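# Survey of secondary and tertiary structure
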Amino acid sequence: MHVKDGVLKYGFVGPALIFLIAFNIFPLLYNIYLSFTDAELSGGLARFVGGRNYGVIFDDTRYGVALCTTGLFVVLAVAVELVLGFGLALALRGPFWGKSVVTTILLVPMMLSPAVMGLYWNFILNGHYGVVNQALAVLGLFQPQWLTDPDLKLLSILMIDIWMWTPFMMLIALAGLNAIPPHLYEAAALDRASNWTVFRRVTLPLCSPLLFLAVLLRTTDALKQFDLVMAVTGPNDRTTQTLSALLYQVMFRGYKIGLGSAYSLVILLLVIVLANVFIRYIASIQAKQGRDVA
Amino acid sequence: MVSPHRATHKRETPMPFLELQNLQKTYPDGTRAVRGIDLAVDEGEFIVLLGPSGCGKTTTLRMIAGLEDPTDGQIVLGNRNVTHLPPSQRDVGFVFQFYALYPHMTAKKNIAFPLENIGTSPSDIDATIDRVARALGIEALLDQYPRQLSGGDQQRVSLARAMVRTPDVYLMDEPLGTLDAEHRLELRAFIRRQQLALSTTAIYVTHDQEEAMSLADRMVVMEGGKIKQTGSPPEIYNHPADLFVANFVGSPGMNLIDGQIVQHEDGLAFTRLGANVHIPIHLRVAPPRAILGIRPEFIRPANRGVPGKVVLGEYLGSHAYVHVDTPLGELVMHAPDRFAIGESIHLRLDEGRVCLFDPDTGMALARSAGMKDVKLYGRSISQN
């Protein structure tokens, strides 16, 4: 049967288009609409309230605290994951016996669901029967209350996130390192560069576009941090309430759909702005070097 | 003829500047890339390592640079045993076939890099880059990134980077291999001029015999990880040590004819299918069989001589290579002009330029001594 190109065109694009409109564009537009209403999960007629929800957000002290918590979480998690991941990648770069086994084991944390990981770590870090504190007890050391001490709760979540996502950084850094042509290292050795100079002036700049990409992906992901908070402390803990946790609390515990929609748009805006800054930076590096890294 | 053999010079210090002693490289997979190389290079000499791919020439160069660790043997550079030293502790400048420029640095930064590593002051770096860039004609390109440059310009930058530090020895690994014909000739002349001007020792690797002959003070022809012959380009060209060199050097290679050696009434003669060639070579013991080698340019059309029929002509403007079917076999002749295919002609072989090889070992039996001191026989070709 002969199908006209014009028909075929829509046949290929159509399903994706319908999916995009149904699950992305319509919900986004509907979300924007809801953010200007006082819609509630309990039902009832939603009334248009103008920008009132946005006013509520900026008056809400919880919002400021959650913003700080999220910011702190993102900066610390991404920074530590970057340094550890890049370090691991440098260590794993050369050939050694058992390399593939070691690399596979290191990737395991990344492959598990964050919600499941949160529950596991709940057991591991439990103040009474957790394996960590039992080990500390055997060694005669101080046993911190990882999950209940207000000063430690965020740190515990950070540690879990770092444990989970360092392998991701390592994986991307490893790809970046492997993409550096070996003859550049030979040239650098012949040019009498010290190991530190080679790292600083060859390895790091050539790897940096991919590292920035990894940082971008991790940052946008960490900004939305929700699963670990939910699993470890619950969404309404003052010291660990991230923006997403606050959003969940408002929307699904407080039933305030309108206000929650406004919260979600604020988070979305934040992510878009940050992502754009990163993407522009990566693009500027690539334009200069003329390389296709990402 | 330039022949910088040590033995011919009287010197205070008989030590060569660079010496390879029984140099060997066997890779972990068992490949024996280099099987014992002995070579002594004088200061200021331009040495070309020539051979087909896989002959061990690049591995040899990389061992001199310190990029490969020799399995056996020694490398002595400027009275210092550098055999197992890392590249940074040898004073060598290396030019890679594929440029190996740092893609994230401008041409200027690339050239400055080796100087920065040895702590040269910024003002000295600028002055040196200015000088080298002018010599290479790349002043206008200094602020460009490698990917913005053509292959030829990238290789200029790469040459500049190898030159700025004025190393003890330049090592060049087929630097012109990837360039187009025009840039290749231009850069080839530049490399030679620059090396002569600075009289820096240079080792240059190529598989292009024409490039080798045009650049070298001394050529080293390699095959199968071993040196086949070392000598000045005319020595290699006119007196190949064996059949491999005879065939590999020269384009087209030497005509090689398998035949019998017979005692002629007035000397040694080579004969095949009734055609005879006189040979002004004196052998103590003449073997019954031999392979005769003669270059295309020492075969000329003549009124008398070996009869033949033109089977193919390759016209190249300034001259033509004419393939002629003769009793001696198909011979390639360097002729001033074209011949019609099928034309019957006679060929005269310049017997003063004939080489003889042992058909079993492939080694040269004896070399006719070259044009100057060869006694030419009155009658060159006799027919029956």
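That block above? That's the structure.
Residues numbered from 1 in each chain as written. Chains lettered and ligands numbered in written order. Predicted model: local features only at pLDDT ≥ 70, side-chain atom pairs only at ≥ 80, totals over all residues. Heavy atoms only, no water.

## Regarding the interface of chain A and chain B
Listed per partner, the contact involves 20 residues of chain A and 27 residues of chain B. Taken over both partners, the interface formed by chain A and chain B buries close to 2,100 Å², and the fraction arising from carbon and sulfur atoms is 60%. Per-residue buried area on chain A facing chain B is highest for A:Leu190, A:Arg192 and A:Arg201; these three make up 37% of the total on that side. Summed over the shared surface of chain A and chain B, the result is four salt bridges. Its salt-bridge partner being B:Asp91, residue A:Arg192 comes within 4.0 Å of it at the nearest N-O pair. Remark: the boundary between chain A and chain B carries eight residue pairs in polar contact (both at pLDDT 80 or more). For the side of chain A that touches chain B, the secondary structure elements donating two or more residues are helix H8 (182–190), helix H9 (195–223) and helix H12 (257–289) of chain A. Here the side of chain A that touches chain B takes seven residues from H8(A), the largest share from any one element. (Contact = heavy atoms within 4.5 Å. Buried area = accessible area lost by both parts, 1.4 Å probe. Salt bridge = Lys/Arg side-chain N within 4 Å of Asp/Glu carboxyl O. Polar contact = N/O pair within 3.5 Å; in protein donor to acceptor, adjacent residues only side chain to side chain. Helix = DSSP H or I, 4+ residues; strand = E, 2+ residues; numbered from the N terminus.)

## Let's talk about the sheet that holds strand E19 (residues 344–349) of chain B
Hydrogen bonds between backbone atoms are what pair the strands of a sheet, whose relative direction is either parallel or antiparallel. Residue and element names in this part refer to chain B. Strands sit in the order E15-E19-E16-E17-E18 across an open sheet of five strands; the sheet is antiparallel. Edge positions in the sheet fall to strand E15 (299–302) and strand E18 (329–335), since each of these pairs with one other strand and no more. Each strand of the sheet is rotated relative to its neighbour by a mean of 50 degrees, with strand direction disregarded. Where strand E16 (residues 306–315) lies against E19, four bridges are found, and the strand directions are antiparallel. Residue pairing in the sheet places Val 306 in a bridge with Leu 347 of E19. (Pairing = 2+ DSSP bridges. Axes fitted to C-alpha atoms, helices over the stretch in contact; angles between N-to-C directions.)

Function-wise, these values are silent; they only describe arrangement.
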